[in-house]
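Letter by letter, the chains look like this.
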Amino acid sequence: MKELTVTTIIRECSFEELAPSDRELVERAKEMTRNSLAPYSRFHVGAAILLADGRVVSGANQENAASPSSMCAERSACYQAGSIAPGVAFRKIAIAAWTELHKPQGLDYEEYFQDSPISPCGACRQALLEYETIGKTPVEVILYGRKRCYIFPSIASLLPYCFTDF
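First, a word on what this report is: a plain description of the structure on this page.

Remarks on the state of the cysteines
Scanning the model with the defined rule gives zero disulfides in all. C13 takes part in no disulfide bond, and the closest cysteine sulfur, belonging to C149, lies 5.1 Å away.

Let's talk about the nonpolar core
If you look at the biggest cluster of nonpolar residues, it comprises 25 residues, and the most contacted ones within it are I49, F90 and I93. With 16 residues, the next largest nonpolar core counts C13, L25, A94 and W98 among its residues.

Some details on the layout of surface pockets
Within this model, the largest pocket holds a volume of roughly 230 Å³. When its residues are assigned to classes, the lining of the largest pocket shows nine nonpolar, seven polar and two charged.

Focus on the sheet that holds strand β4 (residues 90–99)
Read across the open sheet, the six strands follow the order β1-β6-β5-β4-β2-β3; overall the sheet is mixed. The sheet terminates laterally at β1 (11–13) and β3 (56–60), the two strands that pair on one side only. When strand polarity is set aside, the average angle formed by the axes of neighbouring strands in this sheet is 15 degrees. Bridge analysis of strand β2 (residues 43–51) against β4 gives nine bridges, and the strand direction is antiparallel. Within the sheet, the bridge partner assigned to A47 lies in β4 and is I95. Relative to the sheet, helix α2 (residues 73–84) contacts β2, β3 and β4, its axis offset from that of β3 by approximately 140 degrees.

With respect to helix α1 (residues 20–32)
Spanning 13 residues, α1 covers 19 Å between terminal C-alpha atoms, matching the ideal 18 Å at 1.5 Å per step. For α1, the full list of buried residues reads D22, L25, V26, A29, K30 and M32. Seen end-on, α1 carries its buried residues on one side only, within an arc spanning 160 degrees. In α1, the exposed residues that point more than 90 degrees away from the buried face are P20 and E24. On its buried face, α1 sits against β2, β3, β4 and β5 (140–143).

Here we look at a nonpolar patch on the surface
Judged by side-chain polarity, L4, V6 and Y161 come together as a nonpolar surface patch covering roughly 360 Å² of accessible area. Residue placement: V6 occurs in the segment before β1. You can call V6 partly exposed: its relative accessible area is 44%.

Things to note about the environment of R55
Counting through the fold element by element, R55 comes out in the loop between β2 and β3. Taking the C-alpha atoms as reference, R55 lies 9.4 Å from A81; in sequence the two are 26 residues apart. Apart from residues no more than four positions distant in its own chain, R55 is found in contact with I49, L50, I84, A85 and V88. Only 2.7 Å separates the side chain of R55 from the side chain of D53, close enough to count as a polar contact.

A closer look at the pairing of β4
Within β4, nine of the 10 residues are buried, which leaves it mostly tucked inside the rest of the structure. Pairing of β4 with β5 involves four bridges; the strand directions are parallel. Bridge pairing in β5 places A94 opposite I142. Note that the unit made of β4, helix α3 (residues 122–135) and β5 has a crossover that is right-handed.

Conventions adopted
Residues numbered from 1 in each chain as written. Predicted model: local features only at pLDDT ≥ 70, side-chain atom pairs only at ≥ 80, totals over all residues. Heavy atoms only, no water. Disulfide = S-S within 2.5 Å. Core = buried A, V, L, I, M, F, W, Y, C linked by side-chain atoms within 4.5 Å. Buried < 20%, exposed > 50% of the residue type's maximum accessible area, 1.4 Å probe, protein only. 1 Å grid on protein atoms, 1.4 Å probe; cavity = no way out; pocket = protein on both sides within 12 Å on 5 of 7 lines; lining within 4 Å. Points joined across faces, edges and corners; volume = space filled by probe spheres on them. Nonpolar A, V, L, I, M, F, W, Y, C, P; charged D, E, K, R; others polar. Pairing = 2+ DSSP bridges. Helix = DSSP H or I, 4+ residues; strand = E, 2+ residues; numbered from the N terminus. Axes fitted to C-alpha atoms, helices over the stretch in contact; angles between N-to-C directions. Contact = heavy atoms within 4.5 Å. Expected span 1.5 Å × (residues − 1). Arc of directions from axis to C-beta. Patch = residues over 30% accessible without salt bridge, like charges linked within 9 Å, V, L, I, M, F, W, Y side chains within 5 Å. Areas by Shrake-Rupley, 256 points an atom, 1.4 Å probe, with all protein chains shown as cover. Salt bridge = Lys/Arg side-chain N within 4 Å of Asp/Glu carboxyl O. Polar contact = N/O pair within 3.5 Å; in protein donor to acceptor, adjacent residues only side chain to side chain. Right-handed = clockwise from strand over helix to strand, strands pointing away.

Encoded structure:
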């Protein structure tokens with residue numbers, strides 16, 4: 001038996017250090033958090049996907065009392081992109097989140113965003129991975145946090161030993 005090591009390269013930067021086009025994509029994800037329906041978790045997530053043809057498609061999490069049928073922001077955006085732009089590869093996705101839980105009321109909207117980035121759940125990683133596989137090109141992932149942003153080179157880098165043989 002031998003031991004294997006999985007290494008993922010993650011770039012960390014401030015929002016200001018992002019390229020202007022990446023900041024715009026993050027701002028779109030942040031705006032989408034306002035469209036979130038999160039009466040149960042009160043955790044508002046927005047996602048924005050840059051398509052190869054230059055269009056940006058976005059989504060927000062949508063919760064309901066039948067929790068398993070709720071939809072994450074990332075899948076909301078990627079399923080919409082797949083529906084309105086079939087066959088168009090994804091280039092980048094930006095994700096942002098905020099919550100008023102454990103924070104005093106009356107803060108400025110910007111102060112509710114997470115200090116550190118949040119990462120997509122496993123179901124979202126797999127859904128996004130399938131679009132990355134179909135598009136035959138890495139999809140860069142930009143995770144926004146007020147104090148730092150993380151940039152992953154691809155969806156596959158978020159999901160080591162991923163299932164792509166379909």
